[in-house]
There are 2 protein chains.
Amino acid sequence: MSQKVKIVEMSLRDGLQNEKTPISVEIRVELARRLAQAGFQYIEIGAFVRADKVPQMAGSSEVIRKVLELQRTKEIPKTVRFAALVPNEYGMQEAISSGVHEVAIFASATESFSQSNINCSIEESFQRFEPVLALAKKKKIPVRGYLSVCFGCPYEGKVSEKKVIDLATQLYKMGCYEVSIGDTIGVASPLQVQKMFSKLKVKLPVKKLAGHFHDTRGTALANILAAYQTGVRVFDSSLGGLGGCPYAPGSSGNVATEDVLFMFEGMGVSTGINLPADIENNHWLSEKIQKQLSSKVSRAGLPKISRKTSV
Amino acid sequence: MSQKVKIVEMSLRDGLQNEKTPISVEIRVELARRLAQAGFQYIEIGAFVRADKVPQMAGSSEVIRKVLELQRTKEIPKTVRFAALVPNEYGMQEAISSGVHEVAIFASATESFSQSNINCSIEESFQRFEPVLALAKKKKIPVRGYLSVCFGCPYEGKVSEKKVIDLATQLYKMGCYEVSIGDTIGVASPLQVQKMFSKLKVKLPVKKLAGHFHDTRGTALANILAAYQTGVRVFDSSLGGLGGCPYAPGSSGNVATEDVLFMFEGMGVSTGINLPADIENNHWLSEKIQKQLSSKVSRAGLPKISRKTSV
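Residues numbered from 1 in each chain as written. Chains lettered and ligands numbered in written order. Predicted model: local features only at pLDDT ≥ 70, side-chain atom pairs only at ≥ 80, totals over all residues. Heavy atoms only, no water.

## Thoughts on the overall build of chain A
Consideration 1: Within chain A one finds 12 helices and eight strands.
Consideration 2: Here the C-alpha radius of gyration of chain A, 18 Å, is about what a compact globule of 311 residues would show, namely 19 Å.
Consideration 3: The buried share among the 311 residues of chain A stands at 61%.
Consideration 4: Restricting the contact set of chain A to residue pairs at least 6 apart, pairs at least 24 apart contribute 72%.
Consideration 5: In the form shown here, chain A has an accessible surface area of approximately 12,000 Å², with 51% of it arising from carbon and sulfur atoms.
Consideration 6: Taking the average location of the 40 positive side-chain charges in chain A and that of its 30 negative ones, the two points are 5 Å from each other. (Helix = DSSP H or I, 4+ residues; strand = E, 2+ residues; numbered from the N terminus. Rg over C-alpha atoms; globule rule 2.2 N^0.38 Å. Buried < 20%, exposed > 50% of the residue type's maximum accessible area, 1.4 Å probe, protein only. Contact = heavy atoms within 4.5 Å. Areas by Shrake-Rupley, 256 points an atom, 1.4 Å probe, with all protein chains shown as cover. Lys, Arg positive; Asp, Glu negative; His and termini not counted. Charge placed at Lys NZ, Arg CZ, Asp CG, Glu CD.)

## Description of the relation of the copies chain A and chain B
Consideration 1: Least-squares fitting of chain A to chain B yields an RMSD of 0.0 Å, with the transformation described by 0.0 Å of translation along the axis and a rotation of 180°. The transformation relating the two chain copies, once decomposed into turn and shift, fits a two-fold axis. Closest approach to the rotation axis within chain A is made by the C-alpha atom of alanine 222 of chain A, at a distance of 2.0 Å.
Consideration 2: Here 100% of the interface residues in chain A have copies in chain B that are interface residues too; the copies meet face to matching face. (Least-squares fit on C-alpha atoms with pLDDT ≥ 70 in both.)

## Points about the sheet that holds strand β6 (residues 178-183) of chain B
Residues and elements named next belong to chain B.
Consideration 1: Taken in spatial order, the eight strands line up as β1-β2-β3-β4-β5-β6-β7-β8 and close into a barrel, and their pairing is parallel. The average undirected angle you get between the axes of adjacent strands in this sheet is 25°.
Consideration 2: Relative to strand β5 (residues 143-148), strand β4 (residues 102-108) is paired through six bridges, and the arrangement is parallel. Within β5, the residue paired with alanine 104 across the bridge is arginine 144. (Pairing = 2+ DSSP bridges. Axes fitted to C-alpha atoms, helices over the stretch in contact; angles between N-to-C directions.)

## Quick word on the side chain of glutamine 71 of chain A
All names here are of chain A.
Consideration 1: Relative to the assigned elements, glutamine 71 resides in helix α3 (residues 60-72).
Consideration 2: At 3.4 Å, the side chain of glutamine 71 forms a polar contact with the backbone oxygen of lysine 78.
Consideration 3: When sequence neighbours within four positions are dropped, the list of residues in contact with glutamine 71 reads Ile76, Pro77, Lys78, Thr79, Val80, Phe82 and His101. (Polar contact = N/O pair within 3.5 Å; in protein donor to acceptor, adjacent residues only side chain to side chain.)

## A look at the sheet that holds strand β2 (residues 42-47) of chain A
In a beta sheet, neighbouring strands are held together by backbone hydrogen bonds and run either parallel or antiparallel to one another.
Residues and elements named next belong to chain A.
Consideration 1: Pairing in this closed barrel of eight strands is parallel, and the strands run β1-β2-β3-β4-β5-β6-β7-β8 around the ring. Across this sheet, the average inter-strand angle for adjacent strands is 25°, counted without regard to direction.
Consideration 2: Against the sheet, helix α2 (residues 25-38) contacts β1 (6-9), β2 and β3 (81-85), and its axis sits at roughly 165° relative to β2.
Consideration 3: Here α3 sits on the sheet in contact with β2 and β3, set at roughly 145° to β2.

## A short note on the interface of chain A and chain B
Consideration 1: Contact residues are listed per partner, giving 43 residues for chain A and 44 residues for chain B.
Consideration 2: Here chain A and chain B share an interface that buries about 3,600 Å² over both sides, 62% of which is from carbon and sulfur atoms.
Consideration 3: There are two salt bridges connecting chain A and chain B.
Consideration 4: One salt bridge in this structure joins aspartate 215 of chain B and lysine 296 of chain A, with 2.7 Å as the shortest N-O distance.
Consideration 5: Contributions of two or more residues to the side of chain A that touches chain B are made by α8 (190-203), α9 (220-229), α10 (257-266) and α12 (296-300) of chain A.
Consideration 6: Across the side of chain A that touches chain B, the residue classes break down as 19 nonpolar, 15 polar and nine charged. (Buried area = accessible area lost by both parts, 1.4 Å probe. Salt bridge = Lys/Arg side-chain N within 4 Å of Asp/Glu carboxyl O. Nonpolar A, V, L, I, M, F, W, Y, C, P; charged D, E, K, R; others polar.)

## Some words on the packing of aromatic side chains
Residue and element names in this part refer to chain B.
Consideration 1: In this structure the tally under the stated criterion is 14 aromatic pairs over all chains.
Consideration 2: Relative to tyrosine 247, the ring of phenylalanine 113 has its centre 5.8 Å away and its plane inclined at 50°; by these criteria the two rings are tilted. Separated by 134 residues along the polypeptide, phenylalanine 113 in helix α5 (residues 111-118) and tyrosine 247 in the loop between β8 (234-237) and α10 (257-266) bring together distant segments of the chain.
Consideration 3: Since its relative accessible area comes to 2%, phenylalanine 113 is described here as buried.
Consideration 4: With relative accessibility at 30%, the residue tyrosine 247 sits in the partly exposed group.
Consideration 5: Between the aromatic rings of phenylalanine 151 and phenylalanine 213, the centroid separation amounts to 5.9 Å while the plane-to-plane angle is 35°, which identifies the pairing as tilted. (Phe/Tyr/Trp six-rings, centres within 6.5 Å; stacked < 30°, edge-to-face > 60°.)

## Some thoughts on empty space enclosed by the protein
Consideration 1: On inspection of all chains with the given rule, the structure shows six cavities of 30 Å³ or more.
Consideration 2: Counted as a void, the largest cavity has a volume near 180 Å³.
Consideration 3: In terms of residue class, the lining of the largest cavity is built from six nonpolar, seven polar and six charged. (1 Å grid on protein atoms, 1.4 Å probe; cavity = no way out; pocket = protein on both sides within 12 Å on 5 of 7 lines; lining within 4 Å. Points joined across faces, edges and corners; volume = space filled by probe spheres on them.)

## Focus on helix α6 (residues 122-139) of chain B
Residue and element names in this part refer to chain B.
Consideration 1: The end-to-end C-alpha distance of α6 is 26 Å, a good match for the 26 Å that 18 residues give at a rise of 1.5 Å each.
Consideration 2: For α6, the complete set of buried residues consists of Ile122, Ser125, Phe126, Phe129, Val132, Leu133, Leu135 and Ala136.
Consideration 3: Tucked into the core, α6 has its buried residues touching α4 (89-98), β4, α5, β5 and α7 (161-174).
Consideration 4: Positive backbone phi, approximately 55°, marks lysine 140, located one or two places after α6. (Expected span 1.5 Å × (residues − 1).)

## Considering the confidence of the model for chain A
Consideration 1: When pLDDT is averaged along chain A, the result is 95, and 97% of the positions lie at 70 or above.
Consideration 2: Overall fold confidence for the complex sits at a pTM of 0.96, while the interface term, ipTM, reaches 0.95. (pLDDT = per-residue confidence, 0-100.)

## Overview of unusual backbone geometry
Consideration 1: We note that lysine 74 of chain A has phi near 65°; this positive angle belongs to a residue other than glycine.
Consideration 2: For lysine 74 of chain A, the position within the fold is in the loop between α3 and β3.
Consideration 3: On the accessibility criterion, lysine 74 of chain A (63% relative accessible area) is exposed.
Consideration 4: Backbone geometry at asparagine 119 of chain B places phi at a positive 65°, although glycine is not the residue there.
Consideration 5: Residue position: asparagine 119 of chain B is located in the loop between α5 and α6.

## Comments concerning the environment of leucine 135 of chain A
Residues and elements named next belong to chain A.
Consideration 1: Looking at the element boundaries, leucine 135 is found in helix α6 (residues 122-139).
Consideration 2: Separated by 54 residues in the primary sequence, leucine 135 and arginine 81 have C-alpha atoms spaced 19 Å apart.
Consideration 3: Excluding residues that lie within four positions of it along the chain, leucine 135 makes contacts with Glu89, Met92, Gln93 and Ile96.

## Some points on the pairing of strand β5 (residues 143-148) of chain A
All names here are of chain A.
Consideration 1: Counting buried positions over the six residues of β5 gives six, a clear majority of the element.
Consideration 2: Burial along β5 is two-sided: the face carrying Val143, Gly145 and Leu147 and the face carrying Arg144, Tyr146 and Ser148 are both buried.
Consideration 3: Taken together, the four bridges between β5 and strand β6 (residues 178-183) define a ladder with parallel strand orientation. Directly across from glycine 145, in β6, lies its bridge partner valine 179.
Consideration 4: In this fold, β5 hands off to helix α7 (residues 161-174), which returns the chain to β6; that crossover is right-handed. (Right-handed = clockwise from strand over helix to strand, strands pointing away.)

## Some words on α4 of chain B
All names here are of chain B.
Consideration 1: The set of residues buried in α4 consists of Gly91, Met92, Ala95 and Ser98. Across the axial projection of α4, the buried residues extend over an arc of 120°, all falling on one side. Facing away from the buried side of α4 by over 90 degrees, the exposed positions are Tyr90 and Ser97.
Consideration 2: As for α4, its buried residues are in contact with α3 (60-72), β4 and α6.
Consideration 3: With its phi angle positive at about 85°, glycine 99 sits one or two positions after the end of α4. (Arc of directions from axis to C-beta.)

In structure tokens:
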């Protein structure tokens, strides 16, 4: 099995959209630049959603325009892919205009979460994806798919494994090049993760699957480990765990990227990211937004001597 | 393999001794009572060390006397075992006088940590254990052994796997009924843990091994999972992660018991502990000591619907 994982950096989208205070376009562009400098190759940078509903994502077009300009002047490496979330055809048209490299669509594994999150049934959400995917195909824009609340729902509790597998397969067959399986409220156990991915990979190639684990109850790294052991090699995470959990106020949301990097590096698994640089990013952002972010690695610092030699 | 783990509750010793502010005997006794009520069967409750060096452990005799009295009056179940840490023969004599059920001894896996922590070489520390173990045998008091910095040392960095295995074996052969392998500074990776325990269990029975993981860099649960997968069934933890890390000020030390329980319960592994009651213990203690403890589960709360049904 490959000793390499791909990290999808979510702080500028899934992180930011759960922060109470919006962050300026200037800081977002600088954060994107710093993340790219640290080695991230896949950065979700914004969303084309209604600014009255998600004010934190306002200005996404401008952020993308400026970031792409930095790529043209080589301040950001050309290889870095920037992605934006799009909920519907209108959002997709905006994404196309922005010039962003990739888009992401999102569905829920339960009806209640779908209604609450995007105000329509799961089936209706898939109908909305059709014109998005048609446009993406026409414009040759890769589409990533998210599936939320795959391990537990804040409204329904229990989530059907079969439903998750069916919907993930549907997203893949519709044209998503990768499907990210989300523990949106941080309730999964490693055993549940291992079972879910073992069944998923029967239906679609494991390299098309990603794990998106929230650390609301501290189990994200254990769940990432379980997914990794099952063959998953792509993980979503957010600098410093930026973004809280709307279902458990005051709690962590996204797993902190630095902690994910620390775990994998200690296992000799390459992430391609410069961890000390990312810890610097944490300290820079914490100061800019005047908030202590939740990464334990960034708080404690790296041990003084390389762990790689200690195995 | 057994679907059951044993949790050794460390908050009253390893937790407390790393807190800046000592906690009164009264609160310590009440915490012990509450932990026992929540279902813990093994509680490390104090240490017979020099009060000028570790002021937080002063009053251990009184705590033990009062807790044993509560056991006589059945306010604490008779089955609960209380243990105290002893560094030498003098401490052992005090432990015997106190009536505590079990004792624990501790050694380091590196010379630098041994010198810094207990001011003697590893060999000298083992010489000190001899009269302790002789007294224990005479009085039929079970002895647990700790081995510190098994996965990385704050002074030496790299730690020899062979040294860890030799010292753990030596502790076992000297008479320790269980040897707890410690990641004292929170630097282990799951792969390193898996390798270490795989080698250890060749030398001594895996059921005689315990895992003691600090969460300084967020990896404790992943490391516990890796140890569990290797066959380890005993884990040390501390309510709310009480006790910080002296090597990374402001950071977490012991892994939070509640988070460990949450992970195992989600996996269908029985801990014998009532998790909601332990979350209550966290909230009670946080208020008593006016400090937000670090357990993510206690902060976020349990999900509303049982996770067991969601697999």
